[in-house]
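One letter stands for each residue in the lines below.
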Amino acid sequence: MIITCAVTGAIHTPSMSKYLPVTPAEIAEAALGAAEAGAAVVHLHARDPRDGRPSQDPAHFVPILDELKRHTDAVVNLTTGGSPHMTVEERMRPAREFAPELASLNMGSMNLGLYPMLGRFTEFEHAWEREHLEKSRDLVFKNTFADIETVLEIGRAGGTRFEFECYDTSHLYNLAHFRDRGLTEGPLFVQTVMGLLGGIGPHPEDLMHLRRTANRLFGESHEWSVLGAGRHQMPLASIGAAAGSHVRVGLEDSLWIGPGRLAESNAQQVTRVCDILDALGLEIATPDEARAVLGLKGRDAVGF
């Protein structure tokens, strides 16, 4: 079972948790800790170290990637999602420049409502944080067919494969469309994202509906993974793993380790999900095993 850890993301803001990594050094340290705890894949966003604002500036990725290249053999997965507030061109820059083994790819445009978090978090250190959440009331996270084609071409040019992030059933059909056109081929790494406002809900029946649909569309030519947002992270990881999925955890997806308890690190969440997989009698993949399962080009073929 492949464990992916998404260490910082672009949803949560620095004022929400003192444990959220912000600077390049903090993000690199968090990723290394997650890998040491058992994550075969580390999914990376970067932030502007001055105020924690999400950033797709390649310069903010360089020190992170340098540290990871020297100190871990974990698979590095770079975001092309960036932040919904960015242009598509901005979001593509790191994958284009660094040609990673793996990159994320959102499989459809959607409403992505972050503003309910204003009910939980009311005090912010930086002005951009409140605006980041409030503006999501009237924001479409743009991932058109043309956008997806462009990212797939970037991947083809650099030998990068994708973590296809599917927030709803229609996104699975979008992926099948591109597969049928020959723009991507197996093994497809399908990350079903659940529990974010604007996407499919976090109910176990929703999870199984996505599973049935993916099986029908892709059969044995895909690898399925489950991502549960917020407090749904560990319950959905447990259900998914019991049903045969890989799992994704990390502070990008959830700040919590238990009811009302902030996770103190990404490694803490990885350790928790390792315990769950062990209790289920499941073997945890090494980075090289993950590379073999996902058909990746290898860590020596990247552009960093």
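Calculation rules
Residues numbered from 1 in each chain as written. Predicted model: local features only at pLDDT ≥ 70, side-chain atom pairs only at ≥ 80, totals over all residues. Heavy atoms only, no water. Phe/Tyr/Trp six-rings, centres within 6.5 Å; stacked < 30°, edge-to-face > 60°. Helix = DSSP H or I, 4+ residues; strand = E, 2+ residues; numbered from the N terminus. Buried < 20%, exposed > 50% of the residue type's maximum accessible area, 1.4 Å probe, protein only. Pairing = 2+ DSSP bridges. Right-handed = clockwise from strand over helix to strand, strands pointing away. Axes fitted to C-alpha atoms, helices over the stretch in contact; angles between N-to-C directions. Contact = heavy atoms within 4.5 Å. Parallel < 35°, antiparallel > 145°, perpendicular 65-115°, else oblique. Left-handed = near helix turned anticlockwise from the far one by under 90°. Nonpolar A, V, L, I, M, F, W, Y, C, P; charged D, E, K, R; others polar. Salt bridge = Lys/Arg side-chain N within 4 Å of Asp/Glu carboxyl O.

Asker: How should I be thinking about the packing of aromatic side chains in this particular structure?
Answerer: By the definition in use, this model includes three aromatic pairs. Ring centres 6.5 Å apart and planes at 80° place the aromatic pair Phe98 and Phe304 in the edge-to-face group. Of the two residues, Phe98 sits in helix 3 (residues 88-98) while Phe304 sits in the segment after helix 10 (287-294), which places them 206 residues apart along the sequence. Residues Phe162 and Phe164 carry aromatic rings whose centres are separated by 5.9 Å and whose planes lie at 45° to one another, so their mutual orientation is tilted. Looking at Phe162, the relative accessible area reads 7%, which means it is buried. Judged by its relative accessible area of 3%, Phe164 falls in the buried class.

Asker: Help me out: how do you make sense of the pairing of strand 11 (residues 222-228) in this one?
Answerer: Side chains on a regular strand alternate between the two faces of the sheet. The buried fraction of strand 11 amounts to six of the seven residues, a majority that puts the element mostly inside the structure. Sheet topology places strand 10 (residues 188-194) next to strand 11; seven bridges connect them, and they run parallel. When the bridges of strand 11 are listed, Leu188 appears paired with His222. Handedness of the crossover joining strand 10 and strand 11 through helix 7 (residues 204-218): right-handed. Examined bridge by bridge, strand 11 and strand 12 (residues 246-249) share three bridges and lie parallel to one another. The residue of strand 12 that forms the bridge with Leu227 is Arg248. Crossover strand 11 to strand 12 through helix 8 (residues 233-242) is right-handed.

Asker: Please clarify how the sheet that holds strand 10 should be interpreted in this entry.
Answerer: Note: strands within a sheet are paired through backbone hydrogen bonds, in either parallel or antiparallel orientation. Here we have eight strands rolled up into a closed barrel, ordered 1-2-5-6-9-10-11-12, and parallel in their pairing. Averaged over neighbouring strand pairs, the angle between their axes works out to 25° when direction is ignored. The strands touched by helix 8 within the sheet are strand 10, strand 11 and strand 12, with strand 11 carrying the most contacts at an inclination of about 155°.

Asker: Please clarify how the packing of helix 5 (residues 145-158) against helix 6 (residues 169-180) should be interpreted in this entry.
Answerer: The relative placement of two packed helices comes down to the angle between their axes together with the axis-to-axis distance. Here helix 5 crosses helix 6 at 55°, and the two axes come no closer than 12 Å. Between helix 5 and helix 6, the crossing angle belongs to the class labelled oblique. Classified by chirality, the crossing of helix 6 by helix 5 is right-handed. Here helix 5 contributes Phe145, Ile148, Glu149 and Leu152 to the contact with helix 6, which in turn contributes Asn174, His177 and Phe178. Tallied by class, the residues present in the contact of helix 5 with helix 6 amount to four nonpolar, two polar and one charged.

Asker: For this particular structure, what's the right way to read the pairing of strand 2 (residues 41-44)?
Answerer: The alternating pattern of strand 2 places Val41 and His43 and Val42 and Leu44 on opposite faces, both of which are buried. Pairing geometry for strand 1 (residues 3-6) and strand 2, over three bridges, is parallel. Bridge assignment links Ala6 to a residue of strand 2, and that residue is His43. Since strand 1 and strand 2 lie parallel, the crossover through helix 1 (residues 24-37) that links them has a hand, and here it is right-handed.

Asker: Which parts of the structure should I look at to understand unusual backbone geometry?
Answerer: Glycine aside, residues mostly have negative phi, and peptide bonds are mostly found in the trans state. Cis geometry marks the peptide bond from Gly186 to Pro187; its omega dihedral reads -5°. Looking at where Pro187 falls in the secondary structure, it is placed in the loop between helix 6 and strand 10. At Ala99, a position not held by glycine, the phi torsion is positive, near 45°. Tracing the backbone shows Ala99 in the loop between helix 3 and strand 6 (102-106). Taking relative accessible area as the criterion, Ala99 reaches 16% and is therefore assigned buried.

Asker: Got a minute to help me understand the pattern of salt bridges in this structure?
Answerer: Working definition: two side chains of opposite charge can pair if their charged atoms are close together. Inspection of the entire model under this criterion finds 15 salt bridges. The shortest N-O distance in the salt bridge between Arg50 and Asp48 comes to 2.6 Å. For Arg50, a relative accessible area of 73% puts it in the exposed group. Judged by relative accessible area, which is 10%, Asp48 ranks as buried. Its salt-bridge partner being Arg248, residue Asp253 comes within 2.9 Å of it at the nearest N-O pair. Accessibility expressed as a relative area gives 9% for Asp253, which makes it buried.

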